Structures are given as C-alpha cells and as structure tokens.
Amino acid sequence: MTIEPATAASQSATATSPYLSLRQAVRPAILAHRLLAGDQERAGTLAAECEDLLDLTRELLKAAGRARILAVVPAPRMPDESGGDRQAQLLEAYADAGMLWTKVVGSSLALAGTLIERGEWEDVRALAGILAGAGEESAATELRIRLGGAVWEAHREQLRAISNNMPPAAIELAINALRTILREVPEEFPDRNREVNCFLPPLASAVHAIMKKQGAEIPYHSRVEHIATGGVAKYPDIVKTSLDELAAEFDGICRRPGGPTT
C-alpha cells in the first residue's frame, strides 16, 4: 500500500488513502467491540487480541487525524519559515498512519486465528470481508484459506468414510460434506477441486450400486457410471457440476416408491 503526499493545498484536501478512510479503519474495531460486548465471559487470548485491535485503531485514528489537519489547515507562517518543517511533519504523520494500519491488519489476522480455533467461522468470514473492503485483498485471501483448512479438517472423518459400498445414510452425509467444502472452502485453497474430485468415483460407485439394487432404470444421459469409472478425474473444474449430478441421481432414487431412506 502506497501513499503520495500532496504537493498543493487543493490536492491535500482531497487526498485519500485506504488506511486514512475513517469508515474502513474502524470496521475491524467494530467487529472486535461486538465480540467483546456479545459475550462478557470471553477471556484470555481472544479478549486480549480484541483490546489490542481497539487500542491500535485508536492510535491509527489519531495519526490519520493529525495527517489530515496538517494537510488542510494552513499553518501560521514566520518570516524565516521555509515550509520544510511542516512538510516533514506531514510525511511523518502519513508514515505513522501507514505503520499503524499495518499493525491493525496484523492484529486482525491474529484475532482471526483465535476465532478459527474457537470455531467461530462466521466472524472470520466477516473479518475477511472487512479487510477485502479496505483494499487488503491478500490478507482477506489468507484468512479465507486458513478458514478453508479448518473447514476441511472438520469434515475429515466424513471424507475418510467415503467408499464404493456405502449405505444410503452414509452417501447423504458424504454429499453434504463435499458440498460444504465446495461452498465454504475458497477456490484459492490449494488443490480444493482436485481433492474433492478424488472422492467422486467411490461416491458414484456407491450411488450406482444402489441404483442397480433397486432396479432403477438408468437414463441414457446419466453420468453416474462414467463418474464411477473415473471419467471426470481430469476435469476438476467441473467438480461442482459432477457432484450436483450425483446428488440429483441419489435424490431421485430416494424419492422413488420403495426407495432407500436416509
């Protein structure tokens, strides 16, 4: 993030930067305050990180205000004043604001780490959205990837249970787990689609086995058997479409009279 000091009063009056925007700067603090106010029993690391974020935001606003005042309010001129001192003060104020914004972002990431550990994922998503809205897209992406790892771990056991001979109840759990991963784990997460795609052949085999057991007529356009034999292994980009097709076929079996129940 860069900032160019204004070279004229008119430019200074309109100069803006992401970390000098009041509404953007206070949004992480608003979230921190809500976390503290929402549960008075919160303690330890989470409370300390929220307080740190509030303190850093307060100092950021002071530095931003000082830079703004120096930029727009004419200073009294002394006969021997060159203006160099004021320019140096303005540069220092901008630098202070920039460094404090960096600390605010870093503190937000630390807070998000604690929230992930506590399983409070919605607050992490909110914080990622705040950072993205403030122009810190790389930090927001980092948060989403870390959250994606937590979501993946939460469904690890369900994924390990996926096999080609699952009963209907297990198939439903597997479909829901894979859909949750595709919905909540960002595409930036390394190999997300490829990893999910690896679970589709055994899942499709289980669905196909139930279709045969029920004597269901398999439509000519059905791709269940194709997916079961690894036909989509090379196409991770369409993993969501393939999973939706399997889910639709499975749902159709369950809705048939005498079909399996989940």
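Residues numbered from 1 in each chain as written. Predicted model: local features only at pLDDT ≥ 70, side-chain atom pairs only at ≥ 80, totals over all residues. Heavy atoms only, no water.

Helix length check: helix α10 (residues 200-213), at 14 residues, gives a terminal C-alpha distance of 20 Å against a target of 20 Å (1.5 Å per residue), a fit within 8%. Those residues of α10 that sit buried are Leu 200, Leu 203, Ala 204, Ala 206, Val 207, His 208, Ile 210 and Met 211. After α10 finishes, the residue Gly 215 shows a positive phi value of roughly 70 degrees. (Helix = DSSP H or I, 4+ residues; strand = E, 2+ residues; numbered from the N terminus. Expected span 1.5 Å × (residues − 1). Buried < 20%, exposed > 50% of the residue type's maximum accessible area, 1.4 Å probe, protein only.)

With that settled, consider the side chain of His 208. In this structure, His 208 sits in helix α10. Taking the relative accessible area as the measure of exposure, His 208 reaches 14% and is therefore buried.

Here we come to the nonpolar core. Formed by 62 residues in total, the largest nonpolar core has its most connected members in Leu 159, Ile 162, Ile 171, Leu 178, Leu 200 and Leu 203. Within the residue set of this core, elements represented by two or more residues are α3 (45-72), α4 (84-117), α5 (121-133), α6 (137-154), α8 (168-184), α10, α11 (224-228) and α12 (239-255). With 10 residues, α4 is the single largest residue contributor to this core. Dropping the residues within four chain positions of it, Leu 203 is found in contact with Ile 162, Ser 163, Met 166, Ile 171, Ala 174, Ile 175, Leu 178, Leu 243 and Leu 246. (Core = buried A, V, L, I, M, F, W, Y, C linked by side-chain atoms within 4.5 Å. Contact = heavy atoms within 4.5 Å.)

The geometry of α8 relative to α10 is characterised by a closest axis approach of 11 Å and an angle of 145 degrees between their N-to-C directions. Taken as a pair, α8 and α10 cross one another with a handedness that is left-handed. In this structure, α8 contributes Pro 168, Ile 171, Ala 174, Ile 175 and Leu 178 to the contact, and α10 contributes Leu 200, Leu 203, Ala 206, Val 207 and Ile 210. Among the residues making up the contact of α8 with α10, the classes are represented as 10 nonpolar, no polar and no charged. (Axes fitted to C-alpha atoms, helices over the stretch in contact; angles between N-to-C directions. Left-handed = near helix turned anticlockwise from the far one by under 90°. Nonpolar A, V, L, I, M, F, W, Y, C, P; charged D, E, K, R; others polar.)

With that settled, consider the packing of aromatic side chains. Applying the stated criterion to the full structure yields one aromatic pair. Ring centres 6.0 Å apart and planes at 10 degrees place the aromatic pair Trp 152 and Phe 189 in the stacked group. Linking Trp 152 in helix α6 with Phe 189 in the loop between α8 and α9 (192-198), this pair joins segments that are 37 residues apart in sequence. For Trp 152, a relative accessible area of 4% translates into the label buried. Relative accessible area serves as the criterion here: at 18%, Phe 189 is assigned to the buried category. (Phe/Tyr/Trp six-rings, centres within 6.5 Å; stacked < 30°, edge-to-face > 60°.)

This brings us to the packing of α5 against α6. The interhelical angle for the contact between α5 and α6, taken along N-to-C directions, is 160 degrees, at an axis separation of 7 Å. The angle between α5 and α6 places the two elements in the roughly antiparallel class. Both α5 and α6 take part in a crossing whose hand is left-handed. Here α5 contributes Trp 121, Val 124, Arg 125, Leu 127, Ala 128, Gly 129, Leu 131 and Ala 132 to the contact with α6, which in turn contributes Glu 137, Ala 139, Ala 140, Leu 143, Arg 144, Leu 147, Ala 150, Val 151 and Ala 154. Grouping the constituent residues of the contact of α5 with α6 by class yields 13 nonpolar, one polar and three charged. (Parallel < 35°, antiparallel > 145°, perpendicular 65-115°, else oblique.)

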